[in-house]
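# Survey of secondary and tertiary structure
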Amino acid sequence: MLKGSLMAQRVRKAVFPVGGLGTRFLPATKAMPKEMLPIVDKPLIQYAVEEAQAAGIEEFIFVTRPGKTPIKDYFDRSNELENFLKERGMAEQARLVNWLTLPSEKVSYTLQQEPLGLGHAVWCARELIGDEPFAVLLADDLVMAKTPCLKQIIHSFEKTRGNVVAVVDVPRMHTNRYGIVDIGAEDGPLVEVSGLVEKPSPEDAPSNLSIIGRYVLLPEVFEHLAQKEKGSGDEIQLTDSLAKMIGGSPFHGLRFEGTRFDCGDKIGFFDANLAFAMSRDDLREEVSALIKKYV
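Treat the numbers as computed from the prediction; the structure is a model and nothing was measured.

Criteria and cut-off values
- Residues numbered from 1 in each chain as written.
- Predicted model: local features only at pLDDT ≥ 70, side-chain atom pairs only at ≥ 80, totals over all residues.
- Heavy atoms only, no water.
- Core = buried A, V, L, I, M, F, W, Y, C linked by side-chain atoms within 4.5 Å.
- Buried < 20%, exposed > 50% of the residue type's maximum accessible area, 1.4 Å probe, protein only.
- Contact = heavy atoms within 4.5 Å.
- Disulfide = S-S within 2.5 Å.
- Helix = DSSP H or I, 4+ residues; strand = E, 2+ residues; numbered from the N terminus.
- Pairing = 2+ DSSP bridges.
- Salt bridge = Lys/Arg side-chain N within 4 Å of Asp/Glu carboxyl O.
- Phe/Tyr/Trp six-rings, centres within 6.5 Å; stacked < 30°, edge-to-face > 60°.
- Lys NZ or Arg CZ within 6 Å of the ring centre and 35° of its normal.

### Describing the nonpolar core
Counting residues in each nonpolar core, the largest one holds 79 residues, and the members touching the most others are Phe16, Ile45 and Phe62. For Phe62, the contacting residues outside a window of four places in its chain are Phe16, Val18, Ile45, Val49, Ile71, Phe75, Leu102, Val107, Ser108, Tyr109 and Thr110.

### Considerations on the state of the cysteines
This model, assessed by the stated rule, comprises 0 disulfides. Cys149 forms no disulfide, and the closest cysteine sulfur to it belongs to Cys263, at a distance of 13 Å. Assessed through its relative accessible area of 1%, Cys149 is described here as buried.

### So, the side chain of Gln237
Tracing the backbone through its elements, the reader meets Gln237 in the loop between helix H8 (221-225) and helix H9 (238-243). Classification of Gln237 as buried rests on a relative accessible area of 6%.

### A word on the pairing of strand E10 (residues 190-198)
Relative to E10, strand E9 (residues 179-187) runs antiparallel, the two being bridged by 7 bridges. Of the residues in E10, the one forming a bridge with Gly179 is Glu198. Taken together, E9 and the strand that follows it, E10, pair antiparallel across an intervening segment of 2 residues, in which Gly188 is found at a positive phi of about 65°. In the sheet, E10 pairs with strand E12 (residues 251-254) via 3 bridges, with the strands oriented antiparallel. Note on E12: the bridge partner recorded for Glu192 is His252.

### Observations concerning the pattern of salt bridges
The final tally for this structure, using the stated rule, is 18 salt bridges. Lys13 is the salt-bridge partner of Glu132, the closest N and O atoms lying 3.5 Å from each other. Of this pair, Glu132 sits in the loop between helix H6 (126-129) and strand E6 (134-137) while Lys13 is found in strand E1 (residues 13-17), placing the two residues 119 residues apart along the sequence. For the pair Glu132 and Lys13, a shared accessibility class is recorded, and that class is buried. Where Arg260 meets Asp262, a salt bridge forms, and the shortest distance between an N and an O atom there is 4.0 Å. Asp262 matches Arg260 in its accessibility class, with the two residues each being buried. Residues joined in a network through salt bridges with shared partners are Arg10, Arg12, Lys13, Glu58, Glu59 and Glu132.

### Examining the packing of aromatic side chains
On inspection of all chains with the given rule, the structure shows 9 aromatic pairs. Judged by centre distance (6.3 Å) and plane angle (20°), the ring pair of Phe16 and Phe60 falls under stacked. Of the two residues, Phe16 sits in strand E1 while Phe60 sits in strand E4 (residues 59-64), which places them 44 residues apart along the sequence. Here the two residues Phe16 and Phe60 agree in accessibility, since each one is buried. Through pairs of rings, three or more aromatic residues link up here, namely Phe16, Phe60, Phe62, Tyr74, Phe75 and Tyr109. A cation over an aromatic ring shows up here: Lys42 above the ring of Tyr47, its NZ or CZ 4.5 Å from the ring centre. Positioned over the ring face of Phe25 is Lys266, at 5.7 Å from the centre of the ring.

Function cannot be inferred from these measures alone, as they are strictly geometric.
Quick look at the structure:
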């Protein structure tokens, strides 16, 4: 449980696990991280970073793998490109490129040398997190919401002072794709987590309430992740370590307000592109015409 000053600590740091191989989007992801796949005109990782910034996150930790440099390049300053745009009178484009730059003192990169699972990726950030609560965002879970999903979760954390994860109802036939919650007491959108099962079969699932890629976690999770016990898929699952924390401190799922798109799936990725394009005044009319053309 949180002790002493930890009880009052804010969530200042966020971990972005971006070391995956992106096999479901091959061949596009052979040379490009899946987190760089664009939704309309911004890559998935930018949406995740913007969501974290809007939630008050101050430090950004990217867990990557050897040779996966495009994400680092994307958030670094490109003086050559900025100068090129300015010289050609493209001031707005130059401003956008400059705005992408994250302050070097606020950004850290750490390597996940082997693809051993989400739990292992989070564990790789332990030295950079230290002894404070922190957020985890998976970029391929994209959420469209008036209030950023992570901001909603942090607000719930500030009330409960325990682990809080974003949850959504999924079709029971799909429970074997997700970490599934065993539901305890409910208080509005907050659901007490009384158990967790990673990717259970539909007949064994305790519910159809699934964790998605937004978490605020207590640092005690690193004690369990350090055991490096492998679970589903012969990987070190974050869900397994979270399950061990149940009962030791408050643990809740938040039925957040917003729409989640599973952009790790081709149909979910296409759905997100349509939804975000249709939400924009500069694209809505033409996209609507295209949809009518093909339907």
